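What follows is each chain in one-letter form.
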Amino acid sequence: MRTIFSKSPSPPTHHHTFTESLIEENIEAAELSITKWDSLYGDDHVSYCNIASLFSENNRDEAKQYLSSIKGLQKAMRYLASLESTSDKLVRAQTLMQTAMKRLEREFYQILKSNRNYLDPESVSNHSSSRPSVSRSSFSDSEDDGSENDSIPEVERGSSAVIADLRAIAEAMISAGYAKECFKIYRTIRKSIVDEALYNLGVERNLGFQQIQKMEWEILEVKIKHWLNAVKGAVKTVFYGERLLCDQVFAISSSIRESCFTDVSKEGALALFGFPENVAKCKKAPEKMFRILDLYEAVSDLWPEIESIFSFESTSTVRSTAVNSLIRLSDAVRTMLTDFEMAIQKHSSKTTVPGGGIHPLTRYVMNYISFLADYSGVLSDIIADWPLQISSPLPESYFGSPDKEESISSPISVRLAWLILVMLCKLDGKAEMYKDVALSYLFLANNLQYVVNKVRQSNLKLLLGDNWVTKHEQKVRKYAANYERVGWSKVFAALPENPTAEIPVDQVIEHFRNFNSAFEEAFKKQTSWVVTDPKLRDEIKLSLARRIGPIYKEFFDKYGGVQLMKEMWAETLVRYTPDDLGNYCSDLFFGSGSSGSISSSSSQGGRYSR
């Protein structure tokens, strides 16, 4: 028979008669209530869920009386233990207490088992913390007037009542020395509920590092997506709800509250937060970057809740596992950023892009970096204490010194700007592979314009700033101007300095011949070249038209109608009207290679129309 009271000094003698009388009354009252409900048990083998519930809606008054009689019995036992620990009355009281505790064990089990709809994590986490009535026992001496309850949804009122019943039973059992029995019932039932909730969310419990390491990336990525979908609900609903329930049911004892929550939740939590850590330890590859960042962001965003929910010393391993996940994931991101930069620098393709268009490296790198910009908040955390290490200062031709340029002063801005610069330097080398210098300039203009467009259209614009964009747009125009200068130099040279000046016929003939030859050579070569950005394409065409058209038109108007030009051979000499030049130039930069072929002979009436 369990003895929970130690002997203490006897109370003053003049209180004996009154106290002994009161003690007898307490024992008799307890016996009446306890034996009445004990008779409803049947034998000891009856299932916990087959008993008539003392805590049903119809028995609220009797339940209150039952708990009150246990308190009276406890007072009697304390007094009797202080007088004589082996008295018959004490033995009788202890027997009654054991009977009452057995009853409460079954009631506790039955309430937990049959009220899952009121005690599921979502219900508890949604409203338990905001309702003072939930944490107050239904059997407290002060009753509210019910006006507040009228505004509370029925499910919430039911949940509040169930939690209050559990708390009242837990308080009675713990006070009587039956904490172990109470703890065991709670842990057994609630752990299965938490484990089931995690399973339904898609949390896998048995995924170790060895298994994850052997998975194909496509399979692992699916599991990462499932984890990302599950983790928020697991933390904010399942674990948060269970922590609230433990806090309220076992409010009387901080140690039991901690033990219960730890036993119920720790195993599932370690499995949950161990997953991203194991993923981070696997082989790094650029295509894994964004899922790694997703994992980091999820854990980082939930860290305040994780730290609060698992604040007990006994759940410190859960906190450390989450922190280790963040450390491992950040290390993985840094490794992949380094590998990404090295991959750009080592890109060794010797093939040129037809027509000077966008290089695959440009598309891949800029798409990758623009996606990185979407994770700027997370990346800022990861690289905050990881300064960029370069052997030479950042070239002023691409962007100013971080110390001087506000728009790229943050570590993440400098890091992404540096990756773009590494790529642009690589493109400079690839431009040299073109045998035609004009085409190499067009290639650089095309690719840099693509970079600028990507920055403008993504979060990179916010990170790099307007000054960065403006400087690079100026460089695009410089490349385009160099293309014009080199690619059309012979055409420009063939035009007279003063198109309306009086010059000898032989010089007129020479100008037309030289212009025809230079224009046809430039057009034939460049009709397969491409300018991918419509705005840049139009700007280059307009610039060419302004530099060639007006001068040629003046020259054509002055000498196209003289007698000399009417001779038969002149048809092959004056091949283009000013309108023809405009039409031919409009065909440039589409990369077609065939739509603008030039005919060297045609009739006077039709040679200008194609």
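In the annotation of an unreviewed UniProt entry, the protein chain is listed under the name Exocyst subunit Exo70 family protein and assigned to Gossypium laxum. Under Function (unreviewed entry), UniProt gives the following word-for-word description of the protein chain: "Component of the exocyst complex." Database annotation for the protein chain, UniProt heading Sequence similarities (unreviewed entry): "Belongs to the EXO70 family."

A. Examining the environment of Tyr584 more closely. In this structure, Tyr584 sits in helix 21 (residues 578-586). Classification of Tyr584 as buried rests on a relative accessible area of 4%. Distance from Tyr584 to Thr527, taken between C-alpha atoms, is 9.3 Å for residues 57 residues apart in sequence.

B. Local environment of the pattern of salt bridges. The final tally for this structure, using the stated rule, is 22 salt bridges. Put simply, Asp195 and Lys191 hold a salt bridge, and the shortest N to O gap is 2.9 Å. Placement of the pair is Asp195 and Lys191 together in helix 7 (residues 179-201), with a separation of four residues, close to one helical turn. Across the pair, Lys191 and Asp195 agree in class, each one buried. The partner of Asp294 in a salt bridge is Arg291, with the nearest N and O atoms 3.0 Å apart. Of the two residues, Asp294 and Arg291 are both situated in helix 11 (residues 289-309); the distance of three residues between them amounts to about one turn of the helix. Given a relative accessible area of 15%, Asp294 falls into the buried group.

C. Layout of helix 19 (residues 505-526). The end-to-end C-alpha distance of helix 19 is 31 Å, a good match for the 32 Å that 22 residues give at a rise of 1.5 Å each. For helix 19, the full list of buried residues reads Val508, Ile509, Phe512, Phe515, Asn516, Ala518, Phe519, Glu520, Ala522, Phe523 and Gln526. Tucked inside the fold, the buried residues of helix 19 contact helix 17 (460-487), helix 18 (489-494), helix 20 (534-559) and helix 21.

D. Structural context of the packing of aromatic side chains. Using the criterion set out here, one finds 24 aromatic pairs in the structure. On the numbers, 5.0 Å between centres and 80° between planes, the contact of Tyr186 with Phe250 is edge-to-face. Residue Tyr186 is located in helix 7, and its partner Phe250 is located in the loop between helix 9 (217-249) and helix 10 (254-280); the two are separated by 64 residues in the primary sequence. Judged by its relative accessible area of 0%, Tyr186 is buried. On the basis of relative accessible area, Phe250 is assigned to the buried category, the value being 0%. Taken together, Trp488, Phe512, Phe515, Phe519, Phe523, Tyr552, Phe555, Phe556 and Tyr584 form an aromatic cluster joined through their ring pairs. Positioned above the aromatic ring of Phe209 is the side chain of Lys281, whose terminal nitrogen or guanidinium carbon lies 5.0 Å from the ring centre.

Cut-offs and rules
Residues numbered from 1 in each chain as written. Predicted model: local features only at pLDDT ≥ 70, side-chain atom pairs only at ≥ 80, totals over all residues. Heavy atoms only, no water. UniProt positions renumbered as here; feature names shortened; annotations may be inferred. Helix = DSSP H or I, 4+ residues; strand = E, 2+ residues; numbered from the N terminus. Buried < 20%, exposed > 50% of the residue type's maximum accessible area, 1.4 Å probe, protein only. Salt bridge = Lys/Arg side-chain N within 4 Å of Asp/Glu carboxyl O. Expected span 1.5 Å × (residues − 1). Contact = heavy atoms within 4.5 Å. Phe/Tyr/Trp six-rings, centres within 6.5 Å; stacked < 30°, edge-to-face > 60°. Lys NZ or Arg CZ within 6 Å of the ring centre and 35° of its normal.

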